[in-house]
Amino acid sequence: MKKTLALISLLLILSLAAALIGLHVSALSKYGSTGSEVTQIQQKLQSLGFYGGAIDGIYGSQTRDAVVAFQKSVGLTADGIAGSKTLLYLGLDGGSNYGYTQSEVDLLARIISAESRGEPYSGQVAVGAVILNRVEHPSFPNTIAGVVYQSGAFSCVYDGQINQPVADSSRRAAQDALNGWDPTGGCVYYYNPVTATSRWIRSRPIIVTIGKHVFCR
């Protein structure tokens, strides 16, 4: 009797596991998928400049190619499938602030706007990523406000640029940076080589150049 009950329990557990796996797989958006999630993916890719097709909720070749291009741009496996990590990087996982208050997110958007207004979108996200990388780095303050207002860190704090209206793209970039998109690969510094005068910052190893900024560690 006990063996029979144990076998039944095991079968129930296996059935539940199979059902959960099936749900996970079916939640992936890929070639041939349709529905509201595909529409959201197309809209997001279009806003980022990766997709120029129709917003029709159909995951066709244009959508797949746009997903591949986006995945390559952020260092993900370029398989053309909008799985959980790709959705995270697209900011389509619910828009979580990951423990930050709305005022901190607003400040992140404000510094991005002041520091990278006119830069390509990936460059705006990169500035946000640098701020967040500093928050996690032991050599910098451990809050967004602490990093932004650290003495001598950002000239826009002193020249008033940080108080200018915030660009909508910078708000999106702040959320994308919070979602984990880091075009810099973990950098904690950046500068404009045309205007930078610090010999020390120019001594840092450059990891990537985006727009007018170089990003370094």
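Just so you know, these numbers come straight off a predicted model, no measurement behind them.

A. Layout of the nonpolar core. Counting 47 residues, the largest nonpolar core has L45, F70, L108, I111, I144, W181 and F215 as the members making the most contacts within it. Of all elements in the fold, only α2 (36–47), α3 (61–74), α4 (84–90), α5 (102–116), α6 (121–136), α7 (144–148) and α9 (168–178) reach the threshold of two or more residues within this core. Broken down by element, the residue count for this core peaks at eight residues, all from α6. Setting aside residues up to four positions removed in sequence, I111 forms contacts with I131, V148, F154, C156 and I162. Counting eight residues, the second-largest nonpolar core is a separate cluster that includes F140, Y189, I201 and C216.

B. Structural detail: α9. Across the eleven residues that make up α9, a large majority, eight, are buried. Those residues of α9 lying buried are S169, S170, A173, A174, Q175, D176, A177 and L178. Buried residues along α9 sit against α2, α4, α5 and α6. Following α9 by one or two positions, G180 adopts a phi angle in the positive range, close to 110°.

Parameters at a glance
Along each chain, residue indices are assigned from 1 in the same order as the chain's sequence is written. Only residues with pLDDT of at least 70 are given local features in this predicted model, and only at 80 or more are side-chain atom pairs given and counted; all residues enter the totals for whole chains, interfaces and linings. Think of the side-chain values as coming from all heavy atoms in the structure, minus any hydrogens and water. Only buried Ala, Val, Leu, Ile, Met, Phe, Trp, Tyr and Cys residues count toward a nonpolar core, and they belong to the same one when joined by side-chain atoms within 4.5 Å. Throughout this description, buried means an accessible area under 20% of the type-specific maximum (1.4 Å probe, protein chains only), exposed means over 50%, and partly exposed covers the range between. Each helix is a run of DSSP H or I of at least 4 residues and each strand a run of E of at least 2, with the numbering of both proceeding from the N terminus. Here, two residues are considered to be in contact whenever any of their heavy atoms come within 4.5 Å of each other.

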